[in-house]
2 protein chains.
Amino acid sequence: MTVPTGRRERKKAATRRKIADTALRLFLERGYDAVGIREVAAEADVAVTTVFSHFASKEALVFEQDEGFEQRLAQAVTNRAPDEPLIPALRREVLALVRHCTADGAAPIQRMIAASPALRQYEDSMRLRHAESLAAAVAADPALARTGTVCRTLARFVVDAYALAREADDPDAAVDEIFRMIEAAWEVTAPSR
Amino acid sequence: MTVPTGRRERKKAATRRKIADTALRLFLERGYDAVGIREVAAEADVAVTTVFSHFASKEALVFEQDEGFEQRLAQAVTNRAPDEPLIPALRREVLALVRHCTADGAAPIQRMIAASPALRQYEDSMRLRHAESLAAAVAADPALARTGTVCRTLARFVVDAYALAREADDPDAAVDEIFRMIEAAWEVTAPSR
DNA sequence: ACCGTAACACTAACCGTTAGGTTTTCCTGC
DNA sequence: GCAGGAAAACCTAACGGTTAGTGTTACGGT
């Protein structure tokens, strides 16, 4: 019943980090496709089954750090100031996420992802999961009062903005441009007063 | 150089169709995951390598018939009447596609896809490919005069509409609702006259 | 009739992933 | 402290999708 506090959790987290770090290092050194799971496990000095007990798939090793992103969009909705409109809050968060991903330090990882169809596909489906949780957060806000379909649509549009802006020549300008479209799409669904 | 006319092509097409038909039949009979590629090959009386010379992956066997869909959205743009506005033309095409997929005859296939994460993921990434060709078609129309980012964004929104409407309780109404949003998003990008 | 090539076959492997069952390591209540 | 239980990690072995390598056939153009 007591909350497990201590060494066990620390060791588990250490193993997880060691696997992820080793994997990312090998992937960047020699290419994602050129490094096998057995090799990652050997280099991290763990069993293959241990790798898969920490990560659901080989692709998940690459996106380990981005797990927090899942919640950030939803929190941008639920934690926004009581009187702040929805769209600017989302715009701000998407802009922050885009800047984080297009920062110089992330360039090698982004190049690796772009080079691997498997990683691109994984990221795409990850974004759709994020859209679902964002849609749930939007639908849960009673101040917004939209149908389920509108909430899901908005969520898709927002994650599209994230994906498209990252690939654009000028990410900041792209966020601006796309969010003008999203704002218009959202306004037209306002319930009649 | 000469245009290949004849038996060779017919035999190849026949082999391809035999593989696809056999695979779909087995998948529907016993489930996508429960049928292996080796089994499909044996039942179609071809070698495993032959299956993969016709289809890039196991998932592609399921979506063989939907290959034409790739072009339909783009054609809805390029082949529309000279004075027809873009959005209604796209709305009409998406509605037709949604109705086609939610027709009674397609129900078992849709259920199979919904039951397999691998198939859902494959379809998601297929949609993104479709969005890219749609974006290219929109960008190529000089009468529209929008930036590349706007064209890509619109294309994403349109394929989102397709995906969301299919899952909605009332697909027709969802297409209506979502395309009102798309229309507004598109209008706000109109170049100043 | 003959050659090039496209289609197909067979074998054998590689790689991600999982199941099975065992050992180690830590937490906890005595 | 220590027994008992559980979580974490291990090892082995396999399964299923996918591909490389190497032939073999059958068609099409000359």
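What counts, and at which threshold
- Residues numbered from 1 in each chain as written.
- Chains lettered and ligands numbered in written order.
- Predicted model: local features only at pLDDT ≥ 70, side-chain atom pairs only at ≥ 80, totals over all residues.
- Heavy atoms only, no water.
- Least-squares fit on C-alpha atoms with pLDDT ≥ 70 in both.
- Contact = heavy atoms within 4.5 Å.
- Phe/Tyr/Trp six-rings, centres within 6.5 Å; stacked < 30°, edge-to-face > 60°.
- Helix = DSSP H or I, 4+ residues; strand = E, 2+ residues; numbered from the N terminus.
- Buried < 20%, exposed > 50% of the residue type's maximum accessible area, 1.4 Å probe, protein only.
- Lys NZ or Arg CZ within 6 Å of the ring centre and 35° of its normal.
- Near = heavy atom within 4 Å.
- Polar contact = N/O pair within 3.5 Å; in protein donor to acceptor, adjacent residues only side chain to side chain.
- Buried area = accessible area lost by both parts, 1.4 Å probe.
- Salt bridge = Lys/Arg side-chain N within 4 Å of Asp/Glu carboxyl O.
- Lys, Arg positive; Asp, Glu negative; His and termini not counted.
- Expected span 1.5 Å × (residues − 1).
- Domains from an automatic or database assignment.

**Student:** Looking at this structure, I do not really get the relation of the copies chain B and chain A. What am I missing?
**Tutor:** Note that the two copies of the chain are related through a rotation about an axis and a translation along the same axis. Aligned on chain A, chain B shows an RMSD of 0.2 Å; the corresponding rotation is 179 degrees and the shift along the axis is 0.0 Å. Accordingly, the operation relating the two chain copies is best matched by a two-fold axis. Both copies present the same face, since 100% of the interface residues in chain B are matched by interface residues at the equivalent positions in chain A.

**Student:** I tried to follow the packing of aromatic side chains on my own but got confused; where do I start?
**Tutor:** Within a pair of aromatic rings, the relevant descriptors are the distance that separates the centres and the angle that separates the planes. According to the stated counting rule, one finds five aromatic pairs over all chains in the structure shown. A centroid spacing of 5.4 Å and a plane angle of 20 degrees characterise the contact between Phe63(A) and Tyr122(A), whose relative ring orientation is stacked. Here Tyr122(A) lies in helix H8 (residues 117-139) and Phe63(A) lies in the loop between helix H4 (58-62) and helix H5 (69-78), a separation of 59 residues in the sequence. As far as burial versus exposure is concerned, Phe63(A) and Tyr122(A) are alike and both buried. The cationic tip of Arg146(A) hangs over the ring face of Trp186(A); the distance from NZ or CZ to the ring centre is 4.0 Å. Just above the ring of Tyr32(B) sits the side chain of Lys58(B); from NZ or CZ to the centre is 4.2 Å.

**Student:** I'm lost on the protein's contact with DNA strand D in this one. Help?
**Tutor:** Lining the immediate environment of DNA strand D, one finds 25 residues, of which Ala47(A), Thr50(A), His54(A), Lys11(B) and Lys58(B) sit closest. Each atom of DNA strand D within 4 Å of the protein belongs either to a base or to sugar and phosphate, the latter forming 55%. Within the side chain of Lys12(A), an N or O atom sits 3.1 Å from a phosphate oxygen of DNA strand D. Contributing elements (two or more residues each) for the surface near DNA strand D: helix H1 (7-30) and helix H3 (48-54) of chain A together with helix H1 (7-30), helix H2 (37-44) and helix H3 (48-54) of chain B.

**Student:** What am I meant to see in the interface of chain B and chain A here?
**Tutor:** A common measure of how large an interface is: the accessible area buried when the components associate. Listed by partner, the interface residues are 28 residues for chain B and 29 residues for chain A. For the pair chain B and chain A, the two sides together bury roughly 2400 Å², of which 69% comes from carbon and sulfur. Taken together, the connections running from chain B to chain A amount to two salt bridges. When the shortest N-O distance is used, the salt bridge between Arg156(A) and Asp160(B) registers 3.7 Å. At the surface where chain B touches chain A, the tally comes to two residue pairs in polar contact (both at pLDDT 80 or more).

**Student:** Where do I start with unusual backbone geometry in this structure?
**Tutor:** Most peptide bonds take the trans form, and the phi angle of most residues other than glycine is negative. Backbone geometry places Asp45(A), a non-glycine residue, at a positive phi of 60 degrees. Mapped onto the secondary structure, Asp45(A) falls in the loop between helix H2 (37-44) and H3.

**Student:** Is there a simple way to explain the side chain of Glu177(B) in this structure?
**Tutor:** Structurally, Glu177(B) can be placed in helix H10 (residues 171-187). Although Glu177(B) lies buried, it forms no salt bridge, and the closest oppositely charged side chain, Arg180(B), sits 5.2 Å away as judged by the N-O distance. Excluding residues that lie within four positions of it along the chain, Glu177(B) makes contacts with Thr147(A), Thr149(A) and Val150(A).

**Student:** How do you make sense of the environment of Gly6(A) when you look at a structure like this?
**Tutor:** Along the chain, the position of Gly6(A) falls in the segment before H1. Linking Gly6(A) and Ala23(A), residues 17 residues apart in sequence, is a C-alpha distance of 26 Å.

**Student:** What exactly am I supposed to notice about helix H9 (residues 148-167) of chain A here?
**Tutor:** For an α-helix, the turn length of 3.6 residues means that residues three or four places apart are oriented alike. End to end, H9(A) covers 29 Å across 20 residues, agreeing with the expected 28 Å (1.5 Å per residue, within 8%). The buried fraction of H9(A) is high, at 17 of 20 residues.

**Student:** Honestly, the domain arrangement of chain A in this entry has me stumped. Any pointers?
**Tutor:** Residue and element names in this part refer to chain A. Each domain of chain A was delimited in the assignment, giving domain 1 (1-54) and domain 2 (57-187). The centre of domain 1, based on its C-alpha atoms, is set 28 Å off from the matching centre of domain 2. In this assembly, 13 residues from domain 1 lie in contact with 13 residues from domain 2. In total, about 1200 Å² of surface goes out of reach between domain 1 and domain 2, with carbon and sulfur atoms giving 70% of it. Applying the counting rule to domain 1 against domain 2 returns one salt bridge.

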